[in-house]
Amino acid sequence: MTETTKYLLWECSFTRAVWMSVPGARQSMTSTQTSIKDWIISWFTMDMTILGDDWIERMTNTCWEIWKSRCECVFDDLKPNPIKVIRSLQYLNSMTGKEMIRPHCPVIANTNWMPPTLNSFSICCDASFKEILTVKHTGISLILRNSAGNFVRGRSSYSDGNLTAEHAEVMGLLEATQWAEELGLQHVCFELDAQRVVKATNGDFQQVSWENQAIILDIISLFSNHPLWSCKFLKRYFNKPADELAKHARSCKALKNWIDNPRSLLFQL
């Protein structure tokens with residue numbers, strides 16, 4: 001692929017991962033046909049002040065940090081590292097103009113579970129983590145529903161290699177996104193009751209511990225390839241089926257997939 005300015009600053013997988021950390025950046029590129037020049041000009045005409053008065057500075061700083069990383073790749077033979085660039089970007093933002101406050105990305109919590117919109121799907125995911133005699137057991141559950149709220153598919157898995165409960169939740173979301181890709185789902189909302197993981201996936205990746213940030217960036221990279229994917233916080237009460245299934249997967253070390261007919265455990269919830 002020809003490395004045009006647009007490819008270097010916007011289109012490659014490395015830059016997409018960096019831009020996912022900037023609220024509103026993805027929405028700012030309204031068309032794949034838009035040139036870099038027209039895109040930058042649009043920053044001054046778009047109404048993005050809802051994301052903060054310093055949104056233009058953040059966009060500018062991001063371009064600068066990406067360009068610096070590209071130069072290091074060419075002249076110093078250093079492989080681009082999205083985490084390093086995002087951390088450098090956050091420092092630059094804090095030193096540019098007025099001291100920046102991390103943008104508030106509201107996490108929408110359903111007061112009642114609602115089916116996804118027409119012709120779309122939801123995947124409720126959860127992880128159950130418990131350490132017993134130094135062995136760290138994790139069960140992960142995924143429940144796919146259609147826009148009528150009907151069960152479509154389900155999956156449960158078990159592992160003993162996760163470090164913490166947060167790590168288990170992050171791995172659960174990663175598994176959900178990979179599953180959605182396997183199924184070819186283009187319009188899907190991932191719902192989970194781990195609020196910090198949801199905030200991290202929506203751009204504020206420092207909400208999770210540094211050990212999990214690389215996985216979050218992998219998830220963000222997957223999201224960047226699917227513009228109709230979203231991630232939403234769901235109160236634990238409304239995520240009870242996935243919660244119970246995750247506990248079952250952990251305690252029974254269950255690795256199962258089922259289609260159309262959910263296991264009797266779900267009918268009891």
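In case you missed it, the structure is sitting above this.
Figured I'd write up the structure that's included with this text. Because the structure is a prediction, the values reported are computed rather than measured.

1. Considerations on the overall build of the protein chain
- Helices and strands together make up the secondary structure of the protein chain, namely eleven helices and six strands.
- The 269 residues of the protein chain split such that 48% are buried.
- Within the protein chain, counting contacts between residues at least 6 apart in sequence, those at least 24 apart form 71% of the total.
- Total accessible area on the protein chain is roughly 14300 Å²; 55% of this is exposed by carbon and sulfur atoms.

2. Some remarks on the sheet that holds strand β2 (residues 135–145)
- Ordered by their spatial adjacency, six strands build an open sheet running β5-β4-β1-β2-β3-β6, and the pairing between neighbours is mixed. At either end of the open sheet lies a strand with only one pairing partner, and these are β5 (229–233) and β6 (256–259). The sheet shows a mean angle of 15° between the axes of neighbouring strands, direction not considered.
- Both strand β3 (residues 151–159) and β6 contribute to a ladder of four bridges, which runs antiparallel.

3. Observations regarding the pattern of salt bridges
- Applying the stated criterion across every chain yields a total of four salt bridges.
- Of the charged contacts, one joins aspartate 193 and arginine 236 as a salt bridge, the two residues approaching to 3.7 Å between their closest N and O atoms. Separated by 43 residues along the polypeptide, aspartate 193 in the loop between β4 (188–192) and α8 (195–201) and arginine 236 in the loop between β5 and α10 (240–252) bring together distant segments of the chain.
- Aspartate 193 sits in the buried class, given a relative accessible area of 9%.

4. A closer look at the pairing of β2
- Buried residues dominate β2, accounting for nine of its eleven residues.
- Pairing of strand β1 (residues 121–132) with β2 involves eleven bridges; the strand directions are antiparallel. Across the sheet, cysteine 125 pairs through a bridge with leucine 142, a residue of β2.
- Counting the residues that bridge the hairpin from β1 to β2 gives two residues, and of these leucine 133 lies at a positive phi of roughly 55°.
- Two elements, β2 and β3, share eight bridges in a ladder whose sense is antiparallel. Residue leucine 142 lies in a different strand from β3, and its bridge partner there is arginine 155.
- Hairpin connection, β2 to β3: the antiparallel pair is bridged by five residues, and glycine 149 has positive phi, about 85°.

5. A closer look at the environment of glutamate 72
- Take glutamate 72: it is sitting in helix α5 (residues 55–75).
- The exposure class of glutamate 72 is partly exposed, given its relative accessible area of 26%.
- Beyond its immediate chain neighbours, meaning those up to four positions away, glutamate 72 contacts Asp77, Leu78 and Lys84.

6. Examining the side chain of serine 128
- Structurally, serine 128 is set in strand β1.
- At 2.7 Å, the side chain of serine 128 and the side chain of arginine 250 are in polar contact.
- Excluding anything up to four places from it in sequence, serine 128 contacts His137, Thr138, Gly139, Ala246, Lys247 and Arg250.

7. Side note on the nonpolar core
- Grouped together as the largest cluster of nonpolar side chains are 56 residues, with contacts concentrated most on Trp19, Trp39, Ile123, Phe190 and Ile216.
- In contact with tryptophan 39, other than residues within four places in its own chain, are Trp10, Trp19, Ser28, Met29, Thr34, Met59 and Cys63.
- If you look at the next biggest cluster of nonpolar residues, it comprises eight residues, including Ile143, Phe238, Ala242 and Leu245.

Reading the values: rules and limits
Residues numbered from 1 in each chain as written. Predicted model: local features only at pLDDT ≥ 70, side-chain atom pairs only at ≥ 80, totals over all residues. Heavy atoms only, no water. Helix = DSSP H or I, 4+ residues; strand = E, 2+ residues; numbered from the N terminus. Buried < 20%, exposed > 50% of the residue type's maximum accessible area, 1.4 Å probe, protein only. Contact = heavy atoms within 4.5 Å. Areas by Shrake-Rupley, 256 points an atom, 1.4 Å probe, with all protein chains shown as cover. Pairing = 2+ DSSP bridges. Axes fitted to C-alpha atoms, helices over the stretch in contact; angles between N-to-C directions. Salt bridge = Lys/Arg side-chain N within 4 Å of Asp/Glu carboxyl O. Polar contact = N/O pair within 3.5 Å; in protein donor to acceptor, adjacent residues only side chain to side chain. Core = buried A, V, L, I, M, F, W, Y, C linked by side-chain atoms within 4.5 Å.

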